[in-house]
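# Secondary and tertiary structure notes
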Amino acid sequence: AQTVTQSQPEMSVQEAETVTLSCTYDTSENNYYLFWYKQPPSRQMILVIRQEAYKQQNATENRFSVNFQKAAKSFSLKISDSQLGDTAMYFCAFLGGTSYGKLTFGQGTILTVHP
Amino acid sequence: DTGVSQDPRHKITKRGQNVTFRCDPISEHNRLYWYRQTLGQGPEFLTYFQNEAQLEKSRLLSDRFSAERPKGSFSTLEIQRTEQGDSAMYLCASSPGVGLAGDEQFFGPGTRLTVL
């Protein structure tokens, strides 16, 4: 079974600064997908960024980028130029290549951006 | 269509009662998923549908839980004889699911269940 671990329960950052959220996972599969989802307070979860394991190039989406280290089974999220609207719970999630449905989530990291 | 919708948003019930939740996915999305999220934790997978077929069920889904997607559109999740441990946020998600592995799942706002 796959497991996803987020070792930082809470993080904080000043507006306009850069912050990195950590995620490690365990799997025996070679082909899989990794995601970062954002869940703002009392609002629904939205996808931030997606990485396909067979792609060596790290995914980027505007201010969001990942550092994907397949051998180390590490998948960190970097948020540049942090904004107040980035305040949310962030979840790392894993999807096996043989499963079309089951996302396995980490425990989450609460990120607070301070003005 | 503005996204995945769930009804009700909040439900308070007494232990032993039955409850039913509804999820309306994004139009034309073939796949529909149910997750359960307890306070401060990440969502846990319950089950998912490809059109009307229920293809995978978690061991978390005890025999008191049943999910349906009768016409491949909306889905219902029923919990019979509710217990206090069922108190959680129940999330629904949908994805296009047309020949794509790893396609994005779009989440609804959730139904928060409180069992007294």
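Before going into details, it helps to say that this report is about the structure given with it. Since the model is a prediction, treat every value here as computed from it, not as a measurement.

## A few points about the state of the cysteines
- For the coordinates displayed, the defined rule picks out two disulfides over all chains.
- Residue pairing for Cys23(A): its cysteine sulfur links by disulfide to Cys92(A), the two sulfurs lying 2.0 Å apart. A torsion of -65° about the S-S bond marks the disulfide between Cys23(A) and Cys92(A) as left-handed. Of this pair, Cys23(A) sits in the loop between strand E3 (19-21) and strand E4 (24-26) while Cys92(A) sits in strand E10 (residues 88-96), placing them 69 residues apart in sequence.
- With relative accessibility at 0%, the residue Cys92(A) sits in the buried group.
- Two residues share a disulfide in this structure: Cys23(B) and Cys92(B), whose sulfurs sit 1.8 Å from each other. Between Cys23(B) and Cys92(B) the sulfur-sulfur dihedral comes to about -70°; the bridge is accordingly left-handed. Residue Cys23(B) is found in strand E3 (residues 19-24), and its partner Cys92(B) is found in strand E9 (residues 88-95); the two are separated by 69 residues along the sequence. Here the two residues Cys23(B) and Cys92(B) agree in accessibility, since each one is buried.

## Quick notes on the sheet that holds E3(B)
Residue and element names in this part refer to chain B.
- Pairing within the open sheet is antiparallel, and its four strands lie in the order E1-E3-E8-E7. Strands with a single pairing partner mark the edges of an open sheet, and in this sheet they are strand E1 (5-7) and strand E7 (65-68). The mean inter-strand angle of the sheet, taken between neighbouring strand axes irrespective of direction, is 15°.
- For E1 and E3, the ladder comprises three bridges, and the chain directions are antiparallel. Across the sheet, residue Asp7 finds its bridge partner in E3, namely Arg22.

## A short note on the pairing of E3(B)
All names here are of chain B.
- Of the two faces of E3, only one is covered, namely that formed by Val19, Phe21 and Cys23; the face formed by Thr20, Arg22 and Asp24 stays uncovered.
- Where E3 meets strand E8 (residues 75-79), five bridges bridge the pair, whose relative direction is antiparallel. Directly across from Thr20, in E8, lies its bridge partner Glu78.

## Focus: the packing of aromatic side chains
- The full count for this structure, using the stated rule, is 15 aromatic pairs over all chains.
- Consider the rings of Phe68(A) and Phe75(A), whose centres lie 6.3 Å apart with planes at 80°: the pair is edge-to-face. Both residues of the pair, Phe68(A) and Phe75(A), belong to the buried class.
- Considering the side-chain rings of Phe21(B) and Tyr90(B), the 5.4 Å spacing of their centres and the 40° angle between planes classify their relative orientation as tilted. Here Phe21(B) is found in strand E3, whereas its partner Tyr90(B) is found in strand E9, with 69 residues between them in sequence.
- By relative accessible area, Tyr90(B) is classed as buried at 0%.
- An aromatic cluster is built from Phe35(A), Tyr37(A), Phe91(A), Phe105(A), Tyr35(B), Phe45(B) and Phe107(B), whose rings are joined through pairwise contacts.
- The positively charged end of Arg22(B) is found above the aromatic ring belonging to Phe74(B), 3.9 Å away from the centroid.

Rules and cut-offs
Residues numbered from 1 in each chain as written. Chains lettered and ligands numbered in written order. Predicted model: local features only at pLDDT ≥ 70, side-chain atom pairs only at ≥ 80, totals over all residues. Heavy atoms only, no water. Disulfide = S-S within 2.5 Å. Helix = DSSP H or I, 4+ residues; strand = E, 2+ residues; numbered from the N terminus. Buried < 20%, exposed > 50% of the residue type's maximum accessible area, 1.4 Å probe, protein only. Pairing = 2+ DSSP bridges. Axes fitted to C-alpha atoms, helices over the stretch in contact; angles between N-to-C directions. Phe/Tyr/Trp six-rings, centres within 6.5 Å; stacked < 30°, edge-to-face > 60°. Lys NZ or Arg CZ within 6 Å of the ring centre and 35° of its normal.

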